[in-house]
Amino acid sequence: MTSPDDPFAAVGSVSRRSSTGARIATGGAVVLFIGAVGVAGVIAWGSSSAGSVEVGPGGAGASSAPAIAHTAPRLLVHVLGEVVRPGLVELAPGARVVDAIAAAGGFTQAAHRGTMNLARPVADGEQLNVLAVGAAPAAAGGGGGASDGLVHLNSAGLADLDTLPRIGPTIAQRILDWREKHGPFTSIDQLREIPGIGDALFAGVVDRVAL
């Protein structure tokens, strides 16, 4: 108890009230701070959740794996004769003679364009010889060769057949064996009956042979 005459009584009472009020104010500030932190956390979590949308496989948000390029085998063809840039050309699968000629720069002015089937598919490893107008084709080095530059199936020997693109000694001998067994060829398409001559190989020789 303080005396009414105590000069410090009023000061002490005010100090106690101030101290109590300060504690209440401080406690309220702490509560408000904690509440503000909690609200900020909720907002941040909501923003993070909204930005992290999970999309199923194939969805717009799904990370797409880099595509693996599968390059088809290219065709290598030797073009010589009356073309602007004689030499080896690289072509896409399914290319035709016209594509090979174009890749070699096209015909020269002296080229005899009517000697080739431009629509024929080419085969890998094939050789195309564009003749000049009036030029005599070279004979195929033996009994099977003629002034037309073609290998004649019914008179060609092993060496003649071996000059054809992708026809090595083994397949050349099979051609001779077929002719010995069945008699003269009556159609160039009969080459398909010989083991080892598939569509691609046949396409590479069909313009180079005759009966």
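Residues numbered from 1 in each chain as written. Predicted model: local features only at pLDDT ≥ 70, side-chain atom pairs only at ≥ 80, totals over all residues. Heavy atoms only, no water.

**Q** Sorry if this is basic, but what is going on with the side chain of Asp160 here?
**A** Here Asp160 shows up in helix H3 (residues 158-162). The side chain of Asp160 is buried and forms no salt bridge, while Arg179, the nearest opposite charge, is found at 7.7 Å. Engagement of the side chain of Asp160 in a polar contact is seen with the backbone nitrogen of Gly157, the distance being 2.8 Å. (Helix = DSSP H or I, 4+ residues; strand = E, 2+ residues; numbered from the N terminus. Buried < 20%, exposed > 50% of the residue type's maximum accessible area, 1.4 Å probe, protein only. Lys, Arg positive; Asp, Glu negative; His and termini not counted. Salt bridge = Lys/Arg side-chain N within 4 Å of Asp/Glu carboxyl O. Polar contact = N/O pair within 3.5 Å; in protein donor to acceptor, adjacent residues only side chain to side chain.)

**Q** Help me understand the nonpolar core in this model?
**A** A general feature of soluble globular proteins is that nonpolar side chains tend to end up buried together. With 19 residues, the main nonpolar core has Leu161, Ile167, Ile175, Leu191 and Ile197 as its most contacted residues. Listing elements by their share of this core, those giving two or more residues are helix H4 (169-182) and helix H5 (199-205). Ranked by the residues each element gives to this core, the list is headed by H4, at 5 residues. Setting aside chain neighbours within four positions, we find Ile197 in contact with Ile167, Ile171, Ile175, Leu191, Arg192 and Phe202. Of all hydrophobic cores here, the second largest spans 17 residues; its members include Val89, Val97, Ile101 and Ala111. (Core = buried A, V, L, I, M, F, W, Y, C linked by side-chain atoms within 4.5 Å. Contact = heavy atoms within 4.5 Å.)

**Q** Explanation requested: the packing of aromatic side chains in the structure shown.
**A** Note on aromatic pairs: each is described by the distance of the centres and the angle between the planes. Applying the stated criterion across every chain yields a total of 1 aromatic pair. With a centroid separation of 4.4 Å and 20 degrees between ring planes, the pair formed by Trp178 and Phe185 is classed as stacked. (Phe/Tyr/Trp six-rings, centres within 6.5 Å; stacked < 30°, edge-to-face > 60°.)

**Q** Would you mind going over the confidence of the model for the chain with me for this structure?
**A** Do not read the fine detail of predicted coordinates wherever pLDDT is low. In the predicted model, the chain carries a mean pLDDT of 72, and the fraction of residues at 70 or more is 59%. Per-element mean pLDDT across the chain ranges from 52 in helix H1 (residues 9-51) up to 93 in helix H2 (residues 97-103). pLDDT under 50 marks residues 7-19. Its contacts with residues more than four places away, or in other chains, come to 2 contacts. Within the model, the stretch residues 50-63 combines pLDDT values under 50 with 4 contacts to residues more than four positions away or in other chains. (pLDDT = per-residue confidence, 0-100.)

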